[in-house]
Amino acid sequence: MPTAIPAALSDEQIAHRICPLCEACCGLEVRHRNGQVVSIRGHEQDVFSRGYICPKGASLKDLHEDPDRLRTPLIKRDGQFVQATWDEAFAEIERRLPRIKAAQGNDAIGIAIGNPSAHKIGLMLNFPRLLKALGTGNFFSASTLDQMPKQLQAGLMFGNWLSIPVPDIERTDFMLLIGGNPMVSNGSMWTGPDVRGKAKALRERGGKLVVIDPRRSETAAVANAHHFIRPGADVYLLLAMVHTLFDENLVKLGSAAPHLQGLAEVKAATAAYSAEAMAPRCGIESVTLRELARELAQAKRAVVYGRIGTCTQSFGTLNSWLIELLNVLTGNLDQPGGAMFAKSATFAANTAGPSGVGKGVSTGRRKSRVSGAPEVMGELPMNCLAEEIETPGVGQIKAMITIAANPVLSAPNGARISRALESLDFMLSLDIYVNETTRHADVILPGLSPLEEMHFDVPFPQFGYRNAVRVSQPVFIPDADHPHEWKTMLRLVGLLQGKGANVDVLASDAELFEGEVRKTLGEDAEQAIAATRHLRGPARFVELSLRTGPYGDKFGRDAEGLTLTKVSDTPGGIDLGALKPRLPEVLRTPSGKVELAPPQLLQDLKRVDIELAKPQVADGPTSMQIIGRRQVRSGNSWMHNLPVLAKGPFRCTALVHPEDAQRLGLTDGGLAQFSAQGQIIQAQIQISDEVMSGVVSLPHGWGHDLPGARQQLAAQRPGANLNALLSDRVWDPLSGNAVLSGGAITVTALNGSN
Ligand SMILES: Nc1nc2c(c(=O)[nH]1)N[C@H]1C(S)=C(S)[C@@H](COP(=O)(O)OP(=O)(O)OC[C@H]3O[C@@H](n4cnc5c(=O)[nH]c(N)nc54)[C@H](O)[C@@H]3O)O[C@H]1N2
Ligand SMILES: Nc1nc2c(c(=O)[nH]1)N[C@H]1C(S)=C(S)[C@@H](COP(=O)(O)OP(=O)(O)OC[C@H]3O[C@@H](n4cnc5c(=O)[nH]c(N)nc54)[C@H](O)[C@@H]3O)O[C@H]1N2
Ligand code: SF4
Ligand SMILES: [Mo]
């Protein structure tokens, strides 16, 4: 036993940083020595996450050390990637990319941006500049595989895409959670670490949690009640609940009443959807549907929260709207314990400009060339990416830029996306791995390890369960020749602006920043420019946004207010308190009201009627519906190469109900074949009554057996790609969001391969 602290331990240092791996944004304590991570744990003094951490947070050590993580740019020569210097990589881009734009027009370069970018301030803040420099209408993102319906609903009802109210879980008495599994996902469009602890506290104070999910998820397992629902059938459940509130005179609007518009239209539009009529469609009995509506209405403080399971359906936007209506009609919108709007210290459009009124949102200013899908937030559906590359004509995509995106695994029909990417004249990826998507690139520009970057969350404080502000500085200094991603982005912007491959990035940063500030701040601009001149890149944006934001020091006019230095000097962050009511100030609708009955949504009920007019299809003898299943040790498609997460039992298994297993001759641990859309995958069966009968649950983001990818550990147990079975021809027509839940598949036992 050592009696004294070994010398090696004495130079151990502690750094604090926010985890960039999911929306919970936990504060971490990183112990390190000589440039090596010693340990990572939750930061107890973090005002927001209070010490919580999940296994992924600790995997930042493995990510930092992963030998497969790219450290240099790669250029493809004769079909093989070779290491290159940054100058060589940019010279190659300059040689090949601008000429495509010059010859074939702006739309000839498409761009796709993925999930990790939302956690990377350097990518987030520079992306609009890159988009502008490209001038392309062919813009795709993971948003149309995820939350676009929620953003559209918020935009239509509250006037801004990100004005999304979140459950005030610490003060609620009743929470109805639909199509989310925060015990595993740690929450989404709702930034609240340790939902498990918060749900436990809810139950301990006598409150109730009810979960609606085709699987008895980890969240359902700790809830007071769980109801199975047929995948894709939430719209019927939600319509029935709204109908019941009107039918049984349970509507009470509370203090939001003066700020609402369209109640009569909602009542009329939902009058046909009684619980009795809807029950057979969603597989939940009408008495239960009515009881759920009553419970919600009668609870003193209640909230309905719907997440990805309700968005990735063809009625995604209707679902998101109906969920919000339930909050409104029970008097829980903008009330403590209900669905409340966070007030972010930075970067929120709903704290900027005149308050209480605004331009609102619109969609469809452009349509996609091949399918005619309307743009939403400037984006086209990810499901349209392949066809826009494949289909000849003016505006055809001939080159792609992907940024932190892996659509070959994360989007439906990845095989088609792969073929399309391979046919391009040029492809550039900003990514940290050679994976299923980036293997098609001609040039890859790597980002850094998260531990080498400063971190400040741009979107997530807008969905915080309480208000707080935190920043973290880099734990390690990157190699001198490896640029931060904001610099890579700016170099690319410069190149596309025709300034050449060797643009002075710092000068460009200052020029762009100052131009943008002059445009937005008008007469206050010069003071803001002068006061932030000592800063560069994302830090300068943060300083500006903080100081001019709702808690800011207004450049000295409010001495108590926030500055970047004040926040940096407080490693656990600054708590800004529990959420407070924000109506009507939060609104940015032209009417200055909450729009309860946007015409597009009322109109979309016609699609529900068309579905209802069809006879209900009985499941065929081998036909099942497939849904996804997030797991604690995964992060979409890209964390299967990290040893601490990959260890343990193989997790890419297909859950089937015992009755289905018996009917289809499936055995526990045996292999089965799943087919749909002309594609076939195989996966191991796990028999469990946690999934409802007629439904198969398989995790997404697997399928790491494609040639050319370089993730050695992930390739050892590649798993099956669920999205291979999903059609890229169906989406929610309002939001463009892909349908990822409930696709019909055929299941066949592979006998003898047990
Ligand atoms: N069936 C089904 N499919 C789904 C879902 C589902 O629930 N079911 N979920 C959907 C959802 S919610 C999402 S958000 C999408 C995600 O879809 P994507 O965003 O396309 O996929 P990810 O798997 O998150 O891949 C992220 C990519 O970013 C790279 N990366 C990681 N860190 C960095 C970095 O710091 N810099 C750079 N430049 N690159 C980095 C990774 O190597 C990887 O290539 O998947 C969707 N797909
Ligand atoms: N560990 C881990 N954490 C993650 C991620 C990850 O991949 N791994 N991904 C991150 C990302 S990008 C996101 S967007 C969030 C998502 O966070 P969540 O929205 O919480 O996502 P899931 O955990 O997929 O939960 C979705 C639930 O919906 C259910 N479901 C499927 N179809 C239907 C349906 O038709 N109706 C209903 N009512 N339910 C349905 C599924 O069974 C599942 O339990 O998670 C984030 N956090
Ligand atoms: S829940 Fe896990 S992955 Fe998400 S931020 Fe916290 S530690 Fe990171
Ligand atoms: Mo997501």
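Rules and cut-offs
- Residues numbered from 1 in each chain as written.
- Chains lettered and ligands numbered in written order.
- Predicted model: local features only at pLDDT ≥ 70, side-chain atom pairs only at ≥ 80, totals over all residues.
- Heavy atoms only, no water.
- Pairing = 2+ DSSP bridges.
- Helix = DSSP H or I, 4+ residues; strand = E, 2+ residues; numbered from the N terminus.
- Axes fitted to C-alpha atoms, helices over the stretch in contact; angles between N-to-C directions.
- Contact = heavy atoms within 4.5 Å.
- Phe/Tyr/Trp six-rings, centres within 6.5 Å; stacked < 30°, edge-to-face > 60°.
- Buried < 20%, exposed > 50% of the residue type's maximum accessible area, 1.4 Å probe, protein only.
- Lys NZ or Arg CZ within 6 Å of the ring centre and 35° of its normal.
- Parallel < 35°, antiparallel > 145°, perpendicular 65-115°, else oblique.
- Left-handed = near helix turned anticlockwise from the far one by under 90°.
- Nonpolar A, V, L, I, M, F, W, Y, C, P; charged D, E, K, R; others polar.
- Near = heavy atom within 4 Å.
- Polar contact = N/O pair within 3.5 Å; in protein donor to acceptor, adjacent residues only side chain to side chain.
- Areas by Shrake-Rupley, 256 points an atom, 1.4 Å probe, with all protein chains shown as cover.
- Domains from an automatic or database assignment.

Engineer: Which parts of the structure should I look at to understand the sheet that holds strand β6 (residues 109-113)?
Structural biologist: Across a sheet, paired strands are connected by hydrogen bonds in the backbone, their directions being either parallel or antiparallel. Strand order in the open sheet formed by 7 strands is β5-β4-β17-β16-β15-β6-β7, with mixed pairing between adjacent strands. Whereas interior strands pair on both sides, the edge strands pair on one side only; in this sheet they are β5 (80-83) and β7 (139-141). In this sheet, neighbouring strand axes are inclined to one another by 20° on average, regardless of whether the strands run parallel or antiparallel. The sheet contact formed by β6 and β7 spans 3 bridges and is parallel. Residue Ile111 lies in a different strand from β7, and its bridge partner there is Phe139. Contacts between helix α4 (residues 86-104) and the sheet are confined to β4 (74-77), β6, β15 (399-403), β16 (426-430) and β17 (443-445), with β17 contributing the most and set at about 125° to the helix. Along the sheet, helix α5 (residues 121-134) contacts β6, β7, β15 and β16; its crossing angle with β6, the most-contacted strand, is approximately 165°.

Engineer: Which parts of the structure should I look at to understand the packing of aromatic side chains?
Structural biologist: Where two aromatic rings form a pair, the distance of their centres and the angle of their planes describe that pair. Tallied over the full model, the rule gives 7 aromatic pairs. The interplanar angle of 85° and the centroid separation of 5.4 Å between the aromatic rings of Phe513 and Phe541 together place this pair among those described as edge-to-face. Placement of the pair is Phe513 in helix α20 (residues 505-521) and Phe541 in helix α22 (residues 537-548), with a sequence separation of 28 residues. Accessibility classification places Phe513 together with Phe541 in one group, the buried group. One residue, Lys198, lies across the ring of Tyr465, its end atom 4.3 Å from the ring centre.

Engineer: In this structure, what is going on with the packing of helix α10 (residues 234-247) against helix α24 (residues 599-613)? I would like to understand it.
Structural biologist: The axes of two packed helices give the description: the angle between them and the distance between them. One can describe the packing of α10 onto α24 by two numbers: an axis separation of 12 Å at closest approach and a directional angle of 110°. In terms of orientation, α10 lies roughly perpendicular with respect to α24. Considering only the axes of α10 and α24, their crossing is left-handed. The segment α10 lies against α24, with Val235, Tyr236 and Leu239 engaging Leu605, Val608, Glu611 and Leu612. Tallied by class, residues from the contact of α10 with α24 come to 6 nonpolar, no polar and 1 charged.

Engineer: It is not clear to me how the pairing of strand β13 (residues 302-306) should be interpreted in this structure. Could you clarify?
Structural biologist: Across a regular strand the side chains alternate sides, sitting on one face of the sheet and then on the other. With 5 of its 5 residues buried, β13 lies for the most part within the structure. Of the two faces of β13, both are covered, the one formed by Ala302, Val304 and Gly306 as well as the one formed by Val303 and Tyr305.

Engineer: Can you help me understand the site of ligand 2 in this one?
Structural biologist: Around ligand 2, the structure places 31 residues, and the nearest of them are Ser185, Asp213, Asp234, Ser634 and Asn636. Measuring from a nitrogen atom of ligand 2, one finds a side-chain N or O atom of Asp234 at 2.7 Å. Residue Val632 places a main-chain N or O atom 3.4 Å away from a nitrogen atom belonging to ligand 2. Its free accessible area being 920 Å², ligand 2 has 96% of it covered by the protein chains. Taken together, the elements giving at least two residues each to the shell around ligand 2 come down to α7 (182-185) and α14 (308-311). Top contributing element to the shell around ligand 2 by residue count: α7, with 3 residues. Mapped onto the domain boundaries, the shell around ligand 2 takes at least three residues apiece from domain 2 (148-354 + 583-603) and domain 3 (617-749).

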